[in-house]
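Coordinate analysis (summary)
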Number of protein chains: 2
Amino acid sequence: MVLVATRNPLNIGAVARAMSNFGFTRLGIVNPYDPAFREARSAVGASAILASAEEFRTVADAVADCTLVVGTTAVRHRQIQHALRRTEDGAKLIRKRLKSSGVALLFGSEKFGLSNDDLSHCHWLIRIPTHEKNISMNLGQAAAVCLYELIREGKAAGESHKMSFANAGETDRITKMLFDALRLSGFLDMRRVSDSELRIRRLVRRLNLPARDAVIWLGMLRQIVWKLRRAEPPESR
Amino acid sequence: MVLVATRNPLNIGAVARAMSNFGFTRLGIVNPYDPAFREARSAVGASAILASAEEFRTVADAVADCTLVVGTTAVRHRQIQHALRRTEDGAKLIRKRLKSSGVALLFGSEKFGLSNDDLSHCHWLIRIPTHEKNISMNLGQAAAVCLYELIREGKAAGESHKMSFANAGETDRITKMLFDALRLSGFLDMRRVSDSELRIRRLVRRLNLPARDAVIWLGMLRQIVWKLRRAEPPESR
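Residues numbered from 1 in each chain as written. Chains lettered and ligands numbered in written order. Predicted model: local features only at pLDDT ≥ 70, side-chain atom pairs only at ≥ 80, totals over all residues. Heavy atoms only, no water.

1. A word on the interface of chain A and chain B
For clarity, the cut-off: Contact definition: two residues touch when any of their heavy atoms are within 4.5 Å. Accessible area, probed at 1.4 Å, shrinks when two parts are joined; the buried area is that loss added up over both. Should a side-chain nitrogen of Lys or Arg be within 4 Å of a carboxyl oxygen of Asp or Glu, the pair is scored as a salt bridge. Polar contact criterion, stated in full: a pair of N or O atoms within 3.5 Å, where within protein one must be able to donate a hydrogen and the other to accept it, and residues adjacent in sequence count only if both atoms are side-chain atoms.
Between chain A and chain B, the contact holds 62 residues from the first and 64 residues from the second. Interface area for chain A against chain B, summed over the two sides, is near 5400 Å², with a carbon-plus-sulfur share of 57%. On the chain A side of the interface with chain B, the three residues burying the most area are Gln 141, Tyr 148 and Arg 152 of chain A, jointly 12% of the side's total. For the pair chain A and chain B, the number of links is four salt bridges. With its nearest N and O atoms 2.6 Å apart, the salt bridge here joins Glu 149 of chain A to Arg 152 of chain B. At the boundary of chain A with chain B, the tally comes to 27 residue pairs in polar contact (both at pLDDT 80 or more).

And the structure:
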């Protein structure tokens, strides 16, 4: 990650924080507006990255050991001379290259972005698909989005934790218990429809209960049914 | 987008800016630490969003007209009671639901994230796949990443079969009615746990009720509660 002519040290801190969030470590700073960037606050967990950030006089120096240099842009007035890729397409190519060598991702100043001179060091550019009404992103937020896109497909997708659902037997026990509760409460007498049992069966199936919840619902209904039974006049028990 | 107990007005501004960057407009603020959030600077292009941001006293009020409430978490110490999805998997589901109704995306305070009470209003949670060494993201950056993920796939193919889901207000009425039924039946006395109300709130949200079923469930529970009330000895009515 290379920041060129960044004005606000807080933004450098924010970029460092995003790097740390997504597991990146090398930060290059070219001509910062305020050399006090290492003291940037609000960079939770990023102090190591800030401390080891390298300062360069030119973009050429900063990207010297990289085989691919990618610029970022919001494409405002400027005529773009480079291939421009959406973040997700660009990220794919960057990931690929990162397996064998270094890649530099360049961000320009908050006010002007990358200059034509800066851009001339880039192989191509990426653009975050912002809304046309406000294309200009905050530097720290743009960096977070780009870095997120870089790691997005990295880890195995098995992390979302899987839910096991109630099986048909459990679902059926719940249905029967609910039916009992409805009968005892008088609900079924009020709405006489020929297929009420089927309706209730479908209703319960639409719940798609997770297995652990099925146990709880069954327990709750059982207690309600027990209480309703106790309230019945003896002859109808 | 709903921000709960946000401490730093600058972060509210940053979230508003990311919303504007990605074409989102409705911002809800629950109990901000500093009510001066509307003056948040550094919110380039986001003044309209900040000006029209709604302030709420409770999470329940803020999400009342949404059919899906998604929390965000970095999963630190807390035991997670919800299904947890990676951003990209969650975003898919959110996009789908957004075609037919409102979705709330909840962010907690910078310091503590969402409380267990806040989380109990959520159907499920998403987590940005940050690096284990520094999982805690800046609020504005985390919001930018989530919103980016939401628009990332742009114009996906239209959907065939639309279901309309119960909104949070309806879900809340069902929750309260179920709670009444459980109290009257003695269920709550048998299983004394400090957070039974939160547990039941989560349980009902996991049902993901279709709107038409919500009406039926509410009617069934109302009848059961009415019957249980009648069975109570008069002094305790």
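There is more to say after this.
2. A closer look at the packing of aromatic side chains
The condition is simple: In this scheme Phe, Tyr and Trp rings, the latter by its six-membered ring, pair at centre separations within 6.5 Å, and the angle between planes marks the pair as stacked below 30 degrees, edge-to-face above 60, and tilted otherwise. Strands are runs of DSSP state E lasting at least 2 residues, helices are runs of H or I lasting at least 4, and numbering of each runs from the N terminus. Classification of residues uses two cut-offs on accessible area relative to the type maximum, computed with a 1.4 Å probe and protein chains only: under 20% is buried, over 50% is exposed, and between them is partly exposed. To sit over a ring, a charge needs its Lys NZ or Arg CZ within 6 Å of the ring centre and within 35 degrees of the ring normal.
With the rule as written, the count across this model stands at two aromatic pairs over all chains. When the ring of Phe 22 of chain A is compared with that of Tyr 148 of chain A, the centres are 6.1 Å apart and the planes differ by 55 degrees; the resulting orientation is tilted. Remark: Tyr 148 of chain A occurs in helix 6 (residues 139–152) and Phe 22 of chain A occurs in the loop between helix 1 (9–21) and strand 2 (28–30); sequence separation between them is 126 residues. Overall, Phe 22 of chain A belongs to the buried group, its relative accessible area being 4%. What makes Tyr 148 of chain A buried here is its relative accessible area of 0%. Just above the ring of Trp 124 of chain B sits the side chain of Arg 85 of chain B; from NZ or CZ to the centre is 4.6 Å.

3. Thoughts on the sheet that holds strand 2 of chain A
Residues and elements named next belong to chain A. To keep things clear, this is the line we draw: DSSP calls a pair of strands paired once it identifies at least 2 bridges connecting them. Convention adopted: a line fitted to C-alpha atoms gives each axis, helices being fitted over their contacting stretch, and angles between N-to-C directions are expressed from 0 to 180 degrees.
Pairing is parallel across the open sheet formed by seven strands, whose spatial order is 3-2-1-6-4-7-5. The sheet is open, and its two edges are formed by strand 3 (54–56) and strand 5 (84–86), each paired on a single side. Each strand axis lies, on average, 30 degrees off the axis of its neighbour in the sheet, ignoring direction. Here three bridges tie strand 2 to strand 3, and the two strands are oriented parallel to one another. Among the inter-strand pairings, Gly 28 is bridged to a residue of strand 3, identified as Glu 54. Strands strand 4 (66–72), strand 5, strand 6 (102–107) and strand 7 (124–127) of the sheet are contacted by helix 4 (residues 87–98), whose axis makes an angle of about 100 degrees with strand 5. Along the sheet, helix 6 contacts strand 1 (2–4), strand 4, strand 6 and strand 7; its crossing angle with strand 6, the most-contacted strand, is approximately 150 degrees.

4. Re the nonpolar core
To be explicit about the condition: Among buried residues, those of type Ala, Val, Leu, Ile, Met, Phe, Trp, Tyr and Cys that are joined through side-chain atoms within 4.5 Å constitute a nonpolar core.
Counting residues in each nonpolar core, the largest one holds 77 residues, and the members touching the most others are Met 1 and Leu 27 of chain A together with Met 1 and Leu 27 of chain B. Other than its neighbours up to four places away in sequence, Met 1 of chain B contacts Val 15, Met 19, Arg 26, Leu 27, Gly 28, Leu 105, Phe 107, Ala 143 and Leu 147 of chain B. Within the second largest apolar cluster, 46 residues are counted, among which are Ala 181 of chain A together with Leu 178, Leu 182 and Ile 200 of chain B.

5. Section: the domain arrangement of chain A
Quick note on the threshold: As used throughout, domain bounds are those supplied by an automatic or database domain assignment.
Per the domain assignment, the segments of chain A are domain 1 (2–157) and domain 2 (168–236). Placing the centre of domain 1 of chain A and that of domain 2 of chain A at their C-alpha centroids yields a distance of 59 Å.

6. Let's talk about the environment of Arg 152 of chain A
Position of Arg 152 of chain A among the secondary structure elements: in helix 6. Overall, Arg 152 of chain A belongs to the buried group, its relative accessible area being 6%. Separated by 64 residues in the primary sequence, Arg 152 of chain A and Glu 88 of chain A place their C-alpha atoms 9.4 Å from one another. When neighbours within four sequence positions are excluded, Arg 152 of chain A is seen to be in contact with Arg 86, Glu 88, Glu 149, Arg 152 and Glu 153 of chain B. Among the polar contacts made by the side chain of Arg 152 of chain A, one reaches the side chain of Glu 153 of chain A at a distance of 3.0 Å. A polar atom in the side chain of Arg 152 of chain A sits 2.6 Å from the side chain of Glu 149 of chain B.

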